[in-house]
Amino acid sequence: MSIAENILKIKNEIPENVKLVAVSKTKPDAAILEAYEVGQRIFGENKVQELVDKYERLPKDIEWHFIGHLQSNKVKYIAPFVSLIHGVDSLKLLKEIDKQGAKCERIIECLLQFHIASESAKFGFYKEESFDLLQSPEFKTLKNIRIAGVMGMATYTDDDAQIQKEFTNLKSYFEEIKEKFICEETFKEISMGMSADYKLAIEEGSTMIRLGSSIFGIRFYTKFQ
Ligand SMILES: *Cc1c(COP(=O)(O)O)cnc(C)c1O
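Keep in mind it's a predicted model, so treat the numbers as computed, not measured.

Remarks on the overall build of the protein
Secondary structure assignment for the protein yields 10 helices and eight strands. Radius of gyration (C-alpha) of the protein: 17 Å, near the 17 Å computed for a compact globule of 225 residues. Counting only C-alpha atoms, the protein reaches 50 × 45 × 30 Å along its principal axes. Within the protein, buried positions represent 52% of all 225 residues.

Here it is in structure tokens:
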């Protein structure tokens, strides 16, 4: 099927309240434009330079999400235009996003990334660490960031029960944070689910799925590149 057909099919399958992030990393502009032409507006990238280049070349009403591991020294390149940063996993990074947000007079929306997988390679907070951050006086001074929700990646496995458990954990962190620390309407997103596991993620309460290969076809790279 074509990119356009894939998008329309997926949109048709998923509930209306679930946002679709089309993960276009490594894909050319033409592929992005094909998705754009059938109404797709949210795209996700995981490399700063690639994101900046695509932002400059492509239509300005695209909402660009940064979904990868973000280094503090590169925040300044995406701060002027990025719509959502999915992978915030330290106070240091959050402070830098706040600083760059202030420079461009923006409030930058961020998701806290949680470590939910059994693999050690995946980034993210453990629950207690995130609670420490949310309670810290330093966090409370940050005015140019807004925590819009949480994000996580499940283990890459065929074991549905395990994936389901990891997604349930992420949802429970979201609920606990909402109850104890960020009781606001704007704290609302649970970014979970990729091509292999998005149906399970939606069953477990995902509000945002990040799909690459099921839209654009396989990438000739390893999964997390
Ligand atoms: C690449 C990537 C995706 C999309 O992966 P697919 O398996 O191609 O759907 C989603 N989230 C993150 C963080 C990624 O790096």
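A word on the site of the ligand
What surrounds the ligand is a group of 13 residues, the closest being Lys 25, Ser 195, Gly 212, Ser 213 and Arg 219. A distance of 2.7 Å separates an oxygen atom of the ligand from a polar atom in the side chain of Lys 25. For the ligand, the protein covers 97% of the area, taking 390 Å² as the surface of the free molecule. Residues that form the shell around the ligand fall into these classes: six nonpolar, three polar and four charged.

A word on the environment of Glu 184
Of note, Glu 184 is situated in the loop between α8 (160-180) and β7 (189-191). Between the C-alpha atoms of Glu 184 and Ile 147, which are 37 residues apart in sequence, the distance is 9.9 Å.

A few points about the state of the cysteines
By definition, a disulfide links the sulfur atoms of two cysteines through a covalent bond. Taken as a whole and judged by the stated rule, the model has zero disulfides. Among the cysteines around Cys 183, which has no disulfide bond, Cys 110 carries the closest sulfur, lying 19 Å off. Residue classification places Cys 183 among the exposed residues on the basis of a relative accessible area of 57%.

Examining the packing of helix α1 (residues 3-13) against helix α2 (residues 29-37)
Where α1 meets α2, the closest approach of the two axes is 8 Å, and the angle between their N-to-C directions is 45°. When the axis of α1 is compared with that of α2, the two are oblique. Considering how the two elements wind past one another, α1 and α2 form a crossing that is right-handed. Every residue of α2 that contacts α1 at Ile 3, Ala 4 and Ile 7 is listed here: Ala 31, Glu 34 and Ala 35.

Describing the pattern of salt bridges
Under the definition given, this model contains 13 salt bridges. Salt-bridge contacts for Glu 50 lead to Lys 54; the nearest nitrogen and oxygen are separated by 2.7 Å. A residue pair is termed a helical-turn pair when its members lie 3 or 4 positions apart in one helix, as Glu 50 and Lys 54 do in helix α3 (residues 48-57) at four residues. Given the relative accessible area of 2%, Lys 54 is considered buried. Because the salt bridges share partners, they merge into one network encompassing Lys 19, Lys 188 and Glu 189.

Observations regarding α8
Between its first and last C-alpha atoms α8 spans 30 Å; for 21 residues at 1.5 Å apiece the expected length is 30 Å, and the two agree. Buried positions along α8 lie against β5 (108-114), α6 (127-135), β6 (145-152), β7 and α9 (198-203).

A closer look at the packing of aromatic side chains
Both the distance between ring centres and the angle between the ring planes are used here to describe each pair of aromatic rings. Taken as a whole and judged by the stated rule, the model has six aromatic pairs. Aromatic side chains Phe 114 and Tyr 173 sit 5.1 Å apart centroid to centroid with 45° between the ring planes, which places their arrangement in the tilted category. Remark: Tyr 173 occurs in helix α8 and Phe 114 occurs in strand β5; sequence separation between them is 59 residues. Comparing Phe 114 with Tyr 173, the two get one shared label, buried. Plain terms: the ring middles of Phe 174 and Phe 187 are 4.8 Å apart, the flat faces sit at 10° to each other, and that makes the pair stacked. Pair noted here: Phe 174 is in helix α8 and Phe 187 is in the loop between α8 and β7, with a separation of 13 residues, a long-range link. Residues Phe 174 and Phe 187 agree in their burial class; the two are buried. Members of the aromatic cluster, each reached through a chain of ring pairs, are Phe 114, Phe 125 and Tyr 173.

Parameters and conventions
Along each chain, numbering runs from 1 in the same order as the chain's sequence is written. In view of the model being predicted, local features appear only for residues whose pLDDT reaches at least 70, and side-chain atom pairs are presented and counted only at 80 or more, with totals across whole chains, interfaces and linings using the full set of residues. To obtain the side-chain values, all non-hydrogen atoms of the structure were included, while hydrogens and water were left out. Helix and strand labels come from DSSP, where a helix needs a run of H or I of at least four residues and a strand needs a run of E of at least two; each type is numbered from the N terminus. When we talk radius of gyration, it's over C-alpha atoms, and the globule rule is simply 2.2 Å times the number of residues to the 0.38. Relative accessibility decides the category of a residue: with a 1.4 Å probe and only protein chains considered, values under 20% of the type maximum give buried, values over 50% give exposed, and everything between is partly exposed. For this purpose, a residue is taken to be near a molecule or strand whenever a single non-hydrogen atom of the residue falls within 4 Å of it. In the analysis that follows, any N or O atom pair within 3.5 Å is treated as a polar contact, provided that within protein one partner can donate a hydrogen and the other can accept it, and provided that, for residues neighboring in sequence, both atoms belong to side chains. Each accessible area is a Shrake-Rupley estimate made with a 1.4 Å probe; only the visible protein chains count as cover when residues are assessed. Classes in brief: Ala, Val, Leu, Ile, Met, Phe, Trp, Tyr, Cys and Pro nonpolar; Asp, Glu, Lys and Arg charged; the others, Gly included, polar. When two cysteine sulfur atoms are found within 2.5 Å, that pair is recorded as a disulfide. Every angle, taken between N-to-C directions, lies between 0 and 180 degrees, and every axis is a line fitted to C-alpha atoms, over only the stretch in contact when it is a helix. Small angles under 35 degrees read as roughly parallel and large ones over 145 as roughly antiparallel, with 65 to 115 read as roughly perpendicular and the rest as oblique. Two helices that cross are described as forming a left-handed crossing if the nearer one is turned anticlockwise from the farther one by less than a right angle, and a right-handed crossing if clockwise. A contact between two residues is defined here by any heavy atoms of the two lying within 4.5 Å. Each reported salt bridge corresponds to a side-chain nitrogen of Lys or Arg within 4 Å of a carboxyl oxygen of Asp or Glu. One less than the number of residues in a helix, times 1.5 Å, gives the span that helix is expected to have. We call Phe, Tyr and Trp rings a pair once their centres come within 6.5 Å, taking the six-membered ring for Trp, and we label the pair stacked below 30 degrees between planes, edge-to-face above 60, and tilted otherwise.

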